[in-house]
Amino acid sequence: MSEINSFISKPWSKPSFIKRPWLRWTLIIFFLTYLLAAYATIDVNWSRVYEGLERGKKFVLAFTNPDFTTRSSDIYEGMFESIIMTITSSVVGIAISIPIALGAARNIAPLPVYLICRSIIAISRALQEIIVAILLVAIFGFGPLAGFLTLSFATIGFLSKLLAEDIESMDKVQAEAIEASGAKWMQWINYGVQPQVMPRLIGLSIYRLDINFRESAILGLVGAGGIGATLNTAFDRYEYDTAAAILLIIIMIVMALEYMSGVIRARVQ
Amino acid sequence: MLRLEKLEKTYKTGDQALKSVQLQVPEGQVLALIGPSGAGKSTLIRCINRLVEPTSGKVYLGEVELTGLSSNNLRRERRRMGMIFQEYALVERLSVMENVLSGRLGYVGFWRSFLRRFPQSDVDEAFRLLERVGLAHMADKRADELSGGQRQRVGICRALIQNPALLLVDEPTASLDPKTSRQIMRLICELCKERGLAAIINIHDVALAQMFVQRVIGLRFGAIEFDGPPEGLTPEVLTTIYGEEDWEATIEAVDDDGDIKVTK
């Protein structure tokens, strides 16, 4: 009873994350000083920026007058290649991701399988697309094959990891009920697990399709096929109006995919 | 028909959930398992069909010893044990029909179940069961569109379509209102009688257990404290199972119509 009186009519504030005030303030001051010093080391060449502004202005203005016609056959070919790369790599990547995701979910897979699948995912995620593409172009030569393989490889790391996490957080009793009926392992997956993770799988797949399309526009820069090569050439030739046309098409396709994914996800809820 | 011999379960955390449980359930007997939370009721039920692996002891279903079975043989024996769950445990995103038919998974091959082409006899039986519990018109609804009571009925159909000899029922009424609870308990007991099934029903509600079963087992700290007819649950007995409390009201307060009478 006496204790309560020491709290009454005194202000209350949330306890700080770091309790010792001297440590808290040292850390804050250290961080701010570092931040200021770090910004100071980035040196800006203002005359170069000024020169560049002119080029930037030309580029932005090109968007008001994009040129779809002059290089239309190049654009068409590049786009066609990009779309092929996107779809083929997404399908192959997703198909391989599903078994790996099952293996990478700790509540389903035994430890050795789990470790193998997790390492595959780790390798796929550690290697950035461009690096993989450079390597694969060196092996398979220029062209969409290298791009297709790169994107499939990248899809595995992305999709398996996120799907495995969804499998790990599924409702255990639903799966248990199927197990209790005497179902075989594959039936258990099909009835007890799959329905629970299906919305996530579909959502992730569409999102990955979207990413693969955007990546396919980059991979051309290192010779792995697709619209990126055309875009790169346009920049090299200072044909900003063609470059603007290509970028506009990419933006439109990405927006269309975005819209589509919204519609599909609403349906599979 | 079901025999537990010195069944023990110690979890990895060191909690001893079951201490040398001895139990025999004859053919067709419905018994209720009561006891405070954490007494090991769920563990006991799950050790029978080995959703939880017992640490030691034996479980016999008929002549078959379940505890020693390989996973393939265990699967075959699980078909003879239907399970009904707390919170229903229906696969939410599957239809009512798919949920009921999932009780047949132990009998059909993978491709048949994958393509949802179950044998006609299974489909007929599923409709008959749904009709019996009054849900035939809901067959193509998704399970998550149903109310609690309806879901538990589907859960009952799923367990029965296995054509089991024994029902393992884990807190069937835990999240249902008092009236629905009675209906579900009555349904389970009627169906057991119709089909001559034995059942072990975990239940919190002592009064509800007394209304419907022939035999009550009281579990406390993983050991059997009481085994007898429902009339034997005197305040003294309840005190040994649950601890000190005023039990008079619990025992007499409920009658069969689901009305709560005040008897003070």
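The structure presented is a predicted model; accordingly, all values stated were derived computationally and were not measured.

1. Re the overall build of chain B
So, step 1. Looking only at helices and strands, chain B features 10 helices and 10 strands.
So, step 2. Each of the 264 residues in chain B was classed as buried or not, and the buried ones make up 42%.

2. Looking at the sheet that holds strand β9 (residues 215–220) of chain B
All names here are of chain B.
So, step 1. Spatially, the six strands line up as an open sheet ordered β6-β7-β8-β3-β9-β10, and their pairing is mixed. One side of each edge strand has no neighbouring strand; the edge strands of this open sheet are β6 (81–84) and β10 (223–228). Looking at each pair of strands side by side, their axes are set apart by 20° on average, direction ignored.

3. A look at the pairing of strand β4 (residues 56–61) of chain B
All names here are of chain B.
So, step 1. Bridge count between strand β1 (residues 2–10) and β4: five bridges; the pairing is antiparallel. Residue pairing for β4: leucine 4 is matched across the bridge by valine 59.
So, step 2. In this structure, β4 lies alongside strand β5 (residues 64–65), joined through two bridges in antiparallel fashion. Among the inter-strand pairings, leucine 61 is bridged to a residue of β5, identified as valine 64.
So, step 3. With antiparallel pairing between neighbouring strands as the criterion, β4 and β5 make up a hairpin whose turn holds two residues, including glycine 62 at a positive phi of roughly 60°.

4. Remarks on the pairing of β10(B)
Residues and elements named next belong to chain B.
So, step 1. Bridge count between β9 and β10: five bridges; the pairing is antiparallel. Bridging from a neighbouring strand, glycine 218 pairs with phenylalanine 226 of β10.
So, step 2. Connecting β9 to the next strand, β10, in antiparallel fashion are two residues, including phenylalanine 221 with a positive phi near 50°.

5. Some words on the confidence of the model for chain B
Residues and elements named next belong to chain B.
So, step 1. Confidence along chain B averages 88 in pLDDT terms, with 94% of residues attaining 70 or more.
So, step 2. When pLDDT is averaged over each element of chain B, helix α3 (residues 96–101) comes out on top at 96 and helix α10 (residues 248–252) at the bottom at 65.
So, step 3. Across residues 253–264, confidence stays below pLDDT 50; counting only partners more than four residues off in sequence or on other chains, it has 14 contacts.
So, step 4. For this predicted complex, the interface score ipTM comes out at 0.87, alongside a pTM of 0.83.

6. So, the nonpolar core
So, step 1. Counting 113 residues, the largest nonpolar core has Val100(B), Cys157(B), Ala199(B) and Ile201(B) as the members making the most contacts within it.
So, step 2. A total of 11 residues in this core trace back to one element, the largest contributor, which is helix α7 (residues 144–168) of chain A.
So, step 3. With sequence-adjacent residues up to four places away left out, Ile201(B) is seen in contact with Val30(B), Ala32(B), Leu33(B), Val169(B), Pro172(B), Ile188(B) and Val213(B).

7. Some details on the packing of helix α3 (residues 46–62) of chain A against helix α11 (residues 240–268) of chain A
All names here are of chain A.
So, step 1. Interaxial distance between α3 and α11 falls to 8 Å at its minimum, and their mutual angle equals 55°. When the interaxial angle is binned, α3 and α11 end up oblique. For the pair α3 and α11, the crossing hand works out as right-handed. On the side of α3, the interface is formed by Lys58, Phe59 and Ala62, while α11 contributes Tyr240, Asp241, Ala243 and Ala244.

8. Focus: the interface of chain A and chain B
So, step 1. On the chain B side, the residues contacting the 19 residues of chain A number 22 residues.
So, step 2. Put simply, the parts of the chain that give the side of chain A that touches chain B at least two residues each are α8 (172–180) and α9 (185–219) of chain A.
So, step 3. The leading source of residues in the side of chain A that touches chain B is α9(A), at eight residues.

9. Focus: unusual backbone geometry
One can expect most non-glycine residues to show negative phi and most peptide bonds to be in trans.
All names here are of chain B.
So, step 1. Despite not being glycine, asparagine 163 shows a phi value in the positive range, around 60°.
So, step 2. By the secondary structure assignment, asparagine 163 is in the loop between α6 (148–160) and β7 (166–170).
So, step 3. Classification of asparagine 163 by C-beta neighbours within 10 Å gives partly exposed; the count is 15.
So, step 4. A positive phi is found at phenylalanine 221, a non-glycine position, where the angle reads about 50°.
So, step 5. As for its placement among the helices and strands, phenylalanine 221 is situated in the loop between β9 and β10.
So, step 6. Residue classification places phenylalanine 221 among the partly exposed residues on the basis of 14 C-beta atoms within 10 Å.

10. Considering the environment of Gly262(A)
So, step 1. Residue position: Gly262(A) is located in helix α11.
So, step 2. Between the C-alpha atom of Gly262(A) and that of Ile206(A), which follows or precedes it by 56 residues, the distance is 9.5 Å.

11. Thoughts on the sheet that holds β1(B)
Residues and elements named next belong to chain B.
So, step 1. Here four strands make up an open sheet; going across it, the order is β2-β1-β4-β5 and the pairing antiparallel. Only two strands of the sheet have a single neighbouring strand rather than two, namely β2 (16–25) and β5.
So, step 2. Relative to β2, β1 runs antiparallel, the two sharing six bridges. Among the inter-strand pairings, arginine 3 is bridged to a residue of β2, identified as glutamine 24.

What counts and what doesn't
Residues numbered from 1 in each chain as written. Chains lettered and ligands numbered in written order. Predicted model: local features only at pLDDT ≥ 70, side-chain atom pairs only at ≥ 80, totals over all residues. Helix = DSSP H or I, 4+ residues; strand = E, 2+ residues; numbered from the N terminus. Buried ≥ 20, exposed ≤ 12 C-beta atoms within 10 Å, placed from the backbone. Pairing = 2+ DSSP bridges. Axes fitted to C-alpha atoms, helices over the stretch in contact; angles between N-to-C directions. pLDDT = per-residue confidence, 0-100. Contact = placed C-beta atoms within 7 Å. Core = buried A, V, L, I, M, F, W, Y, C linked by C-beta atoms within 7 Å. Parallel < 35°, antiparallel > 145°, perpendicular 65-115°, else oblique. Left-handed = near helix turned anticlockwise from the far one by under 90°.

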